[in-house]
Amino acid sequence: MIGSDGFITLEALRWLAEQDASFVMLDRDGSVLVTTGPVRPSDAKLRRAQALAHSSGVALHISRELISRKLVAQEEVARNKLLDTSTADTIARFRADLPSADSFSTIRLIESQAARAYWSSWSTLPINFPKNQLPRVPAHWLRFGARVSPLTGSPRLACNPPNAILNFLYSLLEAEARLSAASLGLDPGLGVLHVDTANRDSLACDLMEPCRAAVDAYLLDWITKQLLNREWFSEQRDGNCRLLADFAARLSETAHIWRRHVAPVAEWVARALWSTIRRPDTAFATRLTQNNKRAAKGSPTQLPYKRVPLQQNVCANCGRPIEKDCIHCGDCAQNNSTASLIDGARLGRVAAQSSTARERRKETKRRHDQARRSWYPSDQPAWLNDETYKNEIQPRLASATLSGIASAIGVSIPYASDIRKGRRRPHPRHWRALAELVGISVDHYEG
């Protein structure tokens, strides 16, 4: 549920529980307000291991692994999506320092330095809108800019559409991370790398880290291949960019993708904590990925869901929804075609009057004049006269190609078209070549 308009009954919540489904409520700025999932018995030993993770040393191991996975994914986005080899190499160098990191502050420092390099390569990305909407688009919306908002000094309260989209998608990811942690019997608020803070699920934020780059790649593919629609966003008086409800609802359809990305991460963290329990009552259960069942059957483990829903493509001119493989809507395509024809005709007239075109026409005329002067009617055979051309040659030209006619007598394609249609009659010196072209036997007439 997005926003605070409307209501939900207790009976509806009960029905969701019976369907083993979760309920998530998000604010329109992307804040996670409520998440509820199916109720399962809490595993006291696992939660105790989670609470003692810092004293047992497993928290440092988990933090290194989560940030290492995050930097690997960010390096891949920088190298393969942004095509920024320099930034990818910088992130790789920071990741190489992680195994020797012996404190949480060192891990956080490495992660922040890599993030600074990563987001700097995003800053100049252009953001495209339909042509007719550009007068209503603020100038700072036309590039990605900084990941940090000038309103808060953090990513919260984004000031342009791409950052607002990222914030909302990260909120979906956070909600799925919280539900995944609770489904495994973990406390979503008791983190390992993120410090304990009121009104924040620190463990959910930990689980998000390796999956953030998947959200980034989704947005990057979108803004580099499609246009954003001005009608999807609104700007508050303080400059905060907000998503409109219909657009936020479409983004919410990606939640199942982030659930599949975060599930194996959550199970890995839970398994790492499980390994510190001396005598667990049962084997570790892979409730999210069902990898235990797959392993028993010899099937491969579950991989993240690769297929992502495509966003609505919009007309590059007016912003109307259009089909995936189109660039313009029907009205704009027709108008553009008419304008292109008019522009093409104008450019053709200008080109026809250029000095180069005039010189070429003069040269062609000189060549044809010379050919006419050097040709004598007495050189023409008696049988090749007006009657022969009209009754024998001209009808057969209908089956000849324009290029064949043009090359046979040395004229242009448009002039050859007029000859074939009978609108023009070529000079008599060309009749013999045309007779041979259409298959009239010269030897037969001369014999």
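Residues numbered from 1 in each chain as written. Predicted model: local features only at pLDDT ≥ 70, side-chain atom pairs only at ≥ 80, totals over all residues. Heavy atoms only, no water.

Remarks on the overall build of the chain
Across its full length, the chain carries 19 helices and four strands. Against the globule reference of 22 Å for 447 residues, the chain gives a C-alpha radius of gyration of 36 Å, more extended than a compact globule. Long-range pairs, those at least 24 residues apart, make up 61% of the contacts in the chain with a sequence separation of at least 6. Total accessible area on the chain is roughly 24800 Å²; 52% of this is exposed by carbon and sulfur atoms. Counting 61 positive and 46 negative side-chain charges, the chain places the centres of these two groups 3 Å from one another. (Helix = DSSP H or I, 4+ residues; strand = E, 2+ residues; numbered from the N terminus. Rg over C-alpha atoms; globule rule 2.2 N^0.38 Å. Contact = heavy atoms within 4.5 Å. Areas by Shrake-Rupley, 256 points an atom, 1.4 Å probe, with all protein chains shown as cover. Lys, Arg positive; Asp, Glu negative; His and termini not counted. Charge placed at Lys NZ, Arg CZ, Asp CG, Glu CD.)

What to know about the packing of aromatic side chains
Taken as a whole and judged by the stated rule, the model has 14 aromatic pairs. Residues W119 and W122 carry aromatic rings whose centres are separated by 5.1 Å and whose planes lie at 50° to one another, so their mutual orientation is tilted. The same class applies to W119 as to W122, namely buried. Between W222 and F247, the aromatic rings sit 5.8 Å apart at their centres with planes inclined by 45°, giving tilted as the arrangement. (Phe/Tyr/Trp six-rings, centres within 6.5 Å; stacked < 30°, edge-to-face > 60°. Buried < 20%, exposed > 50% of the residue type's maximum accessible area, 1.4 Å probe, protein only.)

Some details on the pattern of salt bridges
This structure, assessed with the given rule, holds 19 salt bridges. Residues R79 and E75 are paired through a salt bridge, measuring 3.0 Å at the closest nitrogen-oxygen approach. Residue R79 and its partner E75 are both found in helix α4 (residues 58–81); the two are separated by four residues, about one turn of the helix. A residue is classified by how much of its surface remains accessible, and R79, at 29% relative accessible area, is partly exposed. (Salt bridge = Lys/Arg side-chain N within 4 Å of Asp/Glu carboxyl O.)

Concerning helix α10 (residues 245–252)
All of the buried residues along α10 are F247, A248 and L251. All buried residues of α10 fall inside an arc of 100° around its axis, so they share one side. Check the buried side of α10 and you find it contacts α7 (161–183), α9 (212–225), β3 (233–235) and β4 (241–243). (Arc of directions from axis to C-beta.)

Brief notes about the layout of surface pockets
Taken as a whole, the largest pocket holds about 1300 Å³ of empty space. Taken together, 39 residues make up the lining of the largest pocket; nearest its centre are P155, R156, Y170, C205 and R212. Among the secondary structure elements, those contributing two or more residues to the lining of the largest pocket are α4, α6 (104–120), α7, α8 (202–208) and α9. With seven residues, α6 is the largest single contributor of residues to the lining of the largest pocket. (1 Å grid on protein atoms, 1.4 Å probe; cavity = no way out; pocket = protein on both sides within 12 Å on 5 of 7 lines; lining within 4 Å. Points joined across faces, edges and corners; volume = space filled by probe spheres on them.)

A word on the nonpolar core
Among soluble globular proteins, nonpolar side chains are generally buried collectively. Among the nonpolar cores identified, the biggest contains 87 residues, and W122, I165, L207, W222, F233 and L243 are the most heavily contacted of them. Considering every element that reaches this core, the biggest residue donor is α7, with twelve residues. With sequence-adjacent residues up to four places away left out, F233 is seen in contact with W141, P161, I165, L228, C241, R242, L243, L244 and F247. (Core = buried A, V, L, I, M, F, W, Y, C linked by side-chain atoms within 4.5 Å.)

Let's talk about the side chain of T286
As for its position among the elements, T286 is in the loop between α11 (255–274) and α12 (291–297). Filtering out sequence-adjacent residues up to four positions away, T286 remains in contact with E267, R271, N291 and N292.

Digging into unusual backbone geometry
In the Ramachandran plot, L83 falls in the positive-phi region, its phi being about 55° despite a non-glycine side chain. Its location among the elements puts L83 in the loop between α4 and α5 (85–96). If you check the backbone angles, L157 has positive phi at about 55° while not being a glycine. By relative accessible area, which is 27% here, L157 ends up partly exposed.

Quick look at the pairing of strand β1 (residues 23–26)
Burial along β1 is two-sided: the residues F23 and M25 and V24 and L26 are all buried. The pairing of β1 with strand β2 (residues 32–36) spans four bridges and is classified as antiparallel. Across the sheet, residue M25 finds its bridge partner in β2, namely V34. (Pairing = 2+ DSSP bridges.)

Focus: the environment of A357
Considering the arrangement of structural elements, one finds A357 in helix α14 (residues 355–373). The spacing of A357 and A53 is 304 residues in sequence and 82 Å in space, taken between C-alpha atoms. In this view, A357 contacts A351 and A352; residues no more than four positions away in its chain are not counted.

Some remarks on the side chain of Q394
By secondary structure assignment, the location of Q394 is in helix α15 (residues 386–396). Dropping the residues within four chain positions of it, Q394 is found in contact with Y389, I419, R420, K421 and G422.

A look at the packing of α7 against α10
Remark: α7 packs on α10, axes separated minimally by 10 Å, with the N-to-C direction vectors making an angle of 45°. Of the possible angle classes, the one that applies to α7 and α10 is oblique. In the packing of α7 onto α10, the handedness of the crossing is right-handed. The residues of α10 that touch α7, namely those facing I165, F168, L169 and L172, are F247, A248, L251 and S252. Residue composition of the contact of α7 with α10, grouped by class: seven nonpolar, one polar and no charged. (Axes fitted to C-alpha atoms, helices over the stretch in contact; angles between N-to-C directions. Parallel < 35°, antiparallel > 145°, perpendicular 65-115°, else oblique. Left-handed = near helix turned anticlockwise from the far one by under 90°. Nonpolar A, V, L, I, M, F, W, Y, C, P; charged D, E, K, R; others polar.)

Points about α15
Burial in α15 covers these residues: T388, Y389, I393 and Q394. The buried residues of α15 all sit within an arc of 140° when viewed along its axis, so they share a single face. Those residues of α15 hidden inside the fold are in contact with α17 (413–421) and α18 (431–437). For α15, the side-chain oxygen to backbone nitrogen distance between the N-cap and E387 is 3.2 Å, and the N-cap itself is N385. (Polar contact = N/O pair within 3.5 Å; in protein donor to acceptor, adjacent residues only side chain to side chain.)

Comments concerning the packing of α7 against α9
A pair of packed helices can be characterised by two numbers: the angle between their axes and the separation between those axes. Contact pair α7 / α9: the axes reach a minimum separation of 10 Å and the direction vectors enclose 140°. Every pair of crossing elements has a handedness; the one defined by α7 and α9 is right-handed. Contact with α7, carried on its side by P162, I165, L166, L169, Y170 and L173, involves R212, V215, D216, Y218, L219 and W222 of α9 and no other residues of that element.

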